[in-house]
Amino acid sequence: MTSLRDQFRPADHPNDHFLMTTIVGAYPKPKWHDRAREMYENPDTDFGDSEWQEAKNDAARLITDEHERAGIDVVTDGEMRRNEMVEYFAERIDGYEFNGLVKVWGHNYFNKPSVRTEVEYDDTWLVEEYEFTSSVADRPVKVPITGPYTLAKWCFNEVYEDDATLAFEVAELVNDEIQKLVDAGARYIQIDEAALATTPDDYAIVEECLERIVSDLPDDVYVGLHVCYGDYSRIYPEMLEFPVDEFDLELVNGNYEQLDVFKDPAFTKNIGFGVVDAHRTEVESVEEIKANIKRGLEVVPPEQLTISPDCGVKLLPRAAAYQKMANMVEAAREVEAELDEGIVDVARSSASAD
């Protein structure tokens, strides 16, 4: 049976089975990229708009190629043009304003915005990023975009009666943006809802947001939802009603302690299965990753399993991030070959995921 995910299968794929590999999104930036940003933001330098644009293009080209060299099936540019998952979009949505830095954890800070007026869609947010990345990539390109629930929860709401109302309004803007991305050729969209893991009781709000986001999208657009680490039992199995094709979940960071959550009732969607830890600098061996992949086969059959890191790997040393991706791809190809030979047990029978 042909599945929606088959459009991302390489024509020269070496195995009958296909465990699609991808990256969640954020990837370590080259050190010179960060230096270029500092120069651009310093009024005492002559590093202007054209120089900064060239630096971002160079970084996006470099990281896209790095993903392809690692063998990843569906690539991103590592979000080289983005500073932070909320800030980047809040800067581009009319109605958001910034207040200053808020400490998140350790030495990490977040410029938390406020919604001061009703939100409106102005110019495109990601179309230029997608068009450039797809022009330099030889493989399909995924577009991660921060979801409306997270854009509502991780700000100060000074306009709308509650966060749900704000989220629904932002969802309409996200739909506008995704329609433009689809018109530009994008066929793999990932909605990032990191806030859902922190307030899982709001899953019904997220479902309504997603209904608005995917409204009127063509049938060949593949939609994933990335949910960071949290108590998944509080949103399962209700989340299976979400109108997405794939759930990208952070599981290896918790040593797969929540894996049984997804076994009863059966997982009926595709699953983006985290097999390398985005928070650990030590590089997992190919054998270790193969064992992790086989944990995923306890939940879904191969045709529903996508292989990825747990989350964005932007905080890792770049050399470690690359080697994790390369080992991840090698492990996936070896498990595919073992599946072809019938030497890997698949616990679950196939369920319709598309």
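Since the structure is predicted, the reported quantities are computational estimates derived from the model, not experimental observations. (Residues numbered from 1 in each chain as written. Predicted model: local features only at pLDDT ≥ 70, side-chain atom pairs only at ≥ 80, totals over all residues. Heavy atoms only, no water.)

1. A short note on the overall build of the protein
- When you go through the protein residue by residue, the secondary structure sums to 9 helices and 9 strands.
- Relative to a compact globule of 354 residues, whose C-alpha radius of gyration would be 20 Å, the protein shows 20 Å and is just as compact.
- Here the C-alpha coordinates of the protein stretch approximately 60 × 45 × 40 Å along the principal axes.
- Within the protein, the proportion of its 354 residues that are buried is 56%.
- Carbon and sulfur atoms provide 44% of the accessible area of the protein, an area that totals close to 15,000 Å².
- Taking the average place of the 33 positive charges on the side chains of the protein and the average place of its 76 negative ones, the gap between the two points comes to 5 Å. (Helix = DSSP H or I, 4+ residues; strand = E, 2+ residues; numbered from the N terminus. Rg over C-alpha atoms; globule rule 2.2 N^0.38 Å. Buried < 20%, exposed > 50% of the residue type's maximum accessible area, 1.4 Å probe, protein only. Areas by Shrake-Rupley, 256 points an atom, 1.4 Å probe, with all protein chains shown as cover. Lys, Arg positive; Asp, Glu negative; His and termini not counted. Charge placed at Lys NZ, Arg CZ, Asp CG, Glu CD.)

2. Structural notes on empty space enclosed by the protein
- Taken as a whole and assessed by the stated rule, the structure comprises 1 cavity of 30 Å³ or more.
- Approximately 40 Å³ is the volume attributed to the largest cavity.
- Considering the residues around the largest cavity, the lining is formed by Thr76, Asp77, Glu129, Tyr130, Thr133, Val141, Lys142, Val143 and Pro144.
- Of all elements in the fold, only α4 (127-136) and β3 (143-146) reach the threshold of two or more residues within the lining of the largest cavity.
- At 3 residues, α4 tops the list of elements feeding residues into the lining of the largest cavity.
- Split by residue class, the lining of the largest cavity holds 4 nonpolar, 2 polar and 3 charged. (1 Å grid on protein atoms, 1.4 Å probe; cavity = no way out; pocket = protein on both sides within 12 Å on 5 of 7 lines; lining within 4 Å. Points joined across faces, edges and corners; volume = space filled by probe spheres on them. Nonpolar A, V, L, I, M, F, W, Y, C, P; charged D, E, K, R; others polar.)

3. A look at the packing of aromatic side chains
- Enumeration over the complete set of coordinates arrives at 14 aromatic pairs.
- Taken together, a centroid distance of 5.3 Å and an interplanar angle of 80° make the contact between Tyr88 and Phe89 edge-to-face. Each of the two residues, Tyr88 as well as Phe89, counts as buried.
- A centroid spacing of 5.7 Å and a plane angle of 50° characterise the contact between Tyr232 and Phe262, whose relative ring orientation is tilted. Residue Tyr232 is found in the loop between β6 (222-227) and β7 (246-249), and its partner Phe262 is found in the loop between β7 and β8 (270-276); the two are separated by 30 residues along the sequence. (Phe/Tyr/Trp six-rings, centres within 6.5 Å; stacked < 30°, edge-to-face > 60°.)

4. Looking at unusual backbone geometry
- In the segment running from Tyr236 into Pro237, the intervening peptide bond is cis, with an omega of 10°.
- One can find Pro237 in the loop between β6 and β7.
- With an omega of 0°, the peptide bond between Asp264 and Pro265 qualifies as cis.
- For Glu79, which is not a glycine, the phi torsion comes out positive at approximately 60°.

5. Digging into helix α8 (residues 286-296)
- Taken together, the buried positions of α8 are occupied by Val286, Ile289, Lys290, Asn292, Ile293 and Gly296. Mapping the buried residues of α8 onto a view down its axis gives an arc of 160°, with all of them on the same face.
- Where the residues of α8 are buried, they touch β8, β9 (305-309) and α9 (318-340). (Arc of directions from axis to C-beta. Contact = heavy atoms within 4.5 Å.)

6. Description of the sheet that holds β7
- Spatially, 6 strands are ordered β3-β5-β6-β7-β8-β9 in an open sheet, and the strand pairing comes out parallel. Every other strand in the sheet has two partners, leaving β3 and β9 as the edge strands with one partner each. Strand-to-strand twist in this sheet, taken as the mean axis angle between neighbours without regard to direction, amounts to 25°.
- Pairing between β8 and β9: 5 bridges, direction parallel. Within β9, the residue paired with Gly274 across the bridge is Ser308. (Pairing = 2+ DSSP bridges. Axes fitted to C-alpha atoms, helices over the stretch in contact; angles between N-to-C directions.)

7. Quick notes on the pairing of β6
- With 6 of its 6 residues buried, β6 lies for the most part within the structure.
- Residues of β6 alternate between two faces, with Tyr222, Gly224 and His226 on one and Val223, Leu225 and Val227 on the opposite face, all of them buried.
- The pairing of strand β5 (residues 188-192) with β6 spans 5 bridges and is parallel. Following the sheet pairing, Ile191 is matched in β6 by Leu225.

8. With respect to the layout of surface pockets
- By volume, the second largest pocket amounts to about 710 Å³.
- Lining the second largest pocket are 25 residues; nearest its centre among them are Lys29, Arg37, Arg81, Arg82 and Asn83.
- Taken together, the elements giving at least two residues each to the lining of the second largest pocket come down to α1 (31-41), α2 (49-70) and α4.
- Examining the composition of the lining of the second largest pocket, we find that 5 residues originate from one element, α1, more than from any other.
- Looking at side-chain class alone, the lining of the second largest pocket contains 9 nonpolar, 3 polar and 13 charged residues.

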